[in-house]
Amino acid sequence: AAKSRGRGQFCLYEASMDSEVKNRQLLASELREALEHNQGLMLWYQPIICTHSEKIVGLEALVRWQHPQQGMISPATFIPLAEETGLIIPLGEWILKQAFTMAKRWPQLIVAVNVSPLQLRSRNFIEQLMQLVANAGIAPQQIELEITEGILIDDEHEANALVCSLRERGFHLALDDFGTGYSSLSYLSRFPVNTIKIDRAFIQPLGLVDNATAIVRAVVDLGHAMHLSITAEGVETREQYQALVAAGCDRLQGYLFHRAQPPEEINALLAAEIVDDDSNPPA
Ligand code: C2E
Ligand code: MG
Ligand code: MG
Ligand code: MG
């Protein structure tokens, strides 16, 4: 009995793996169609706040997929799928094109775009980027490319050359999700990024765990010593906000301020900020 049950379980496991694979294949083909017909994919924007002025200084573009049956699917699900299937190349191009078009409409703001390691290392990436910037009529200086340590694992020399040539063309570079990966601190000295984005994992425990503040302070001080600016991701509470101000963090991003939202809502936010200025002139 034990033997047949064991065998039965094995079959069941295999069957469920099989349907899992099929589900992902289906989802991948649906993503390809969404991209081909420009249906259901959207780019939303989350404001980035200057700690000192408390004003919006930038927007991070975050992709959204409204699936016809399943509703909103998280990029945490479909970006890895796009990476596995190679769809990240056309999807990434679509994202850059959208974001650059909006950047033209928001000339006073930095627009941050997440770039997948595969996309970054694809042939002609820099040429494509320069073409898209030219087509949109913007300067590379208005764009911050968010990269992760993922690009650093394979060929460090190649990654370093890429980052350097992007900097030479005038793009800002941010190291996203800092502190979560393999992060050896020595990476920082070899990858000339402009900004470190401290991952939410380090922001969440602020005010709850003693050493949380010490870690964030150390990252801010280290970054500043290297002339980098520091953004905190995932700021949700007043306590976190106050700790980050005290630590000298330059920019803040999180639900305490704003969630990612469609461009029209961002326009309304920006308009409200201007009205707010008029009614509260500085003393
Ligand atoms: P990320 O680049 O680190 O983006 C930050 C994520 O944290 C976003 O999730 C954002 O909505 C969320 N977030 C922001 N503030 C808060 C907060 O206060 N609390 C909490 N709990 N979460 C907050 P989202 O949009 O689901 O994106 C997840 C990840 O998917 C991104 O992490 C990024 O790695 C990837 N992704 C999103 N859009 C793109 C894209 O256009 N291209 C690429 N290559 N990856 C993308
Ligand atoms: Mg990001
Ligand atoms: Mg991040
Ligand atoms: Mg993250």
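Figured I'd write up the structure that's included with this text. (Residues numbered from 1 in each chain as written. Chains lettered and ligands numbered in written order. Predicted model: local features only at pLDDT ≥ 70, side-chain atom pairs only at ≥ 80, totals over all residues. Heavy atoms only, no water.)

Let's talk about the overall build of the protein chain
Piece 1. When its secondary structure is counted, the protein chain shows twelve helices and nine strands.
Piece 2. Each of the three principal axes of the protein chain carries a C-alpha extent, and together these read 80 × 50 × 45 Å.
Piece 3. A burial count over the protein chain gives 44% of its 283 residues as buried.
Piece 4. By sequence separation, contacts in the protein chain at least 24 residues apart represent 67% of the contacts at least 6 residues apart.
Piece 5. With the model as given, the accessible surface of the protein chain reaches about 14,900 Å², and the carbon-plus-sulfur share is 54%.
Piece 6. Distance between charge centroids for the protein chain: 5 Å, based on 22 positive and 35 negative side chains. (Helix = DSSP H or I, 4+ residues; strand = E, 2+ residues; numbered from the N terminus. Buried < 20%, exposed > 50% of the residue type's maximum accessible area, 1.4 Å probe, protein only. Contact = heavy atoms within 4.5 Å. Areas by Shrake-Rupley, 256 points an atom, 1.4 Å probe, with all protein chains shown as cover. Lys, Arg positive; Asp, Glu negative; His and termini not counted. Charge placed at Lys NZ, Arg CZ, Asp CG, Glu CD.)

Looking at the coordination of the magnesium ion (ligand 3)
Piece 1. Here the magnesium ion (ligand 3) is held by Asp176 (OD), Asp177 (OD), Glu233 (OE) and Glu233 (OE), and the distances to it run 2.1 to 2.4 Å.
Piece 2. Mapped onto the sequence, the donors of the magnesium ion (ligand 3) take the spacing D-D-x55-E.
Piece 3. Between the magnesium ion (ligand 3) and the magnesium ion (ligand 2), the interatomic distance is 3.9 Å, and Asp176 donates to each metal, bridging them. Of the two residues, Asp176 sits in strand S6 (residues 172-178) while Glu233 sits in the loop between strand S8 (229-232) and helix H11 (238-247), which places them 57 residues apart along the sequence.
Piece 4. When its relative accessible area of 7% is taken as the criterion, Asp176 is described as buried. (Donors = N, O, S within 2.8 Å, 3.2 Å for Na, K, Ca; no water.)

Concerning the layout of surface pockets
Rolled over the atoms, a probe sized like a water molecule indicates the empty space that remains.
Piece 1. Considering only enclosed or pocket space, the largest pocket measures out at about 1,300 Å³ in volume.
Piece 2. Along the walls of the largest pocket sit 45 residues, with Glu60, Leu62, Asn114, Asp176 and Asp177 positioned nearest its centre.
Piece 3. Elements represented by at least two residues in the lining of the largest pocket include exactly strand S1 (41-50), strand S2 (56-67), helix H2 (75-85), helix H3 (88-105), strand S4 (110-114), helix H4 (117-120), helix H6 (150-153) and S6.
Piece 4. When the residues that make up the lining of the largest pocket are grouped by side-chain class, the tally is 19 nonpolar, 13 polar and 13 charged. (1 Å grid on protein atoms, 1.4 Å probe; cavity = no way out; pocket = protein on both sides within 12 Å on 5 of 7 lines; lining within 4 Å. Points joined across faces, edges and corners; volume = space filled by probe spheres on them. Nonpolar A, V, L, I, M, F, W, Y, C, P; charged D, E, K, R; others polar.)

A short note on the site of ligand 1
Piece 1. Contacts to ligand 1 come from 20 residues, most closely from Arg64, Asn114, Asp176, Glu236 and Tyr255.
Piece 2. Between an oxygen atom of ligand 1 and a side-chain N or O atom of Asp176, the distance comes to 2.9 Å.
Piece 3. In this structure, an oxygen atom belonging to ligand 1 sits 2.8 Å away from a main-chain N or O atom of Tyr255.
Piece 4. Notes on ligand 1: free accessible area 800 Å², of which the protein chains cover 82%.
Piece 5. Structurally, ligand 1 is housed in the largest pocket. (Near = heavy atom within 4 Å. Polar contact = N/O pair within 3.5 Å; in protein donor to acceptor, adjacent residues only side chain to side chain. Sits in = over half its atoms within 2 Å of the grid points.)

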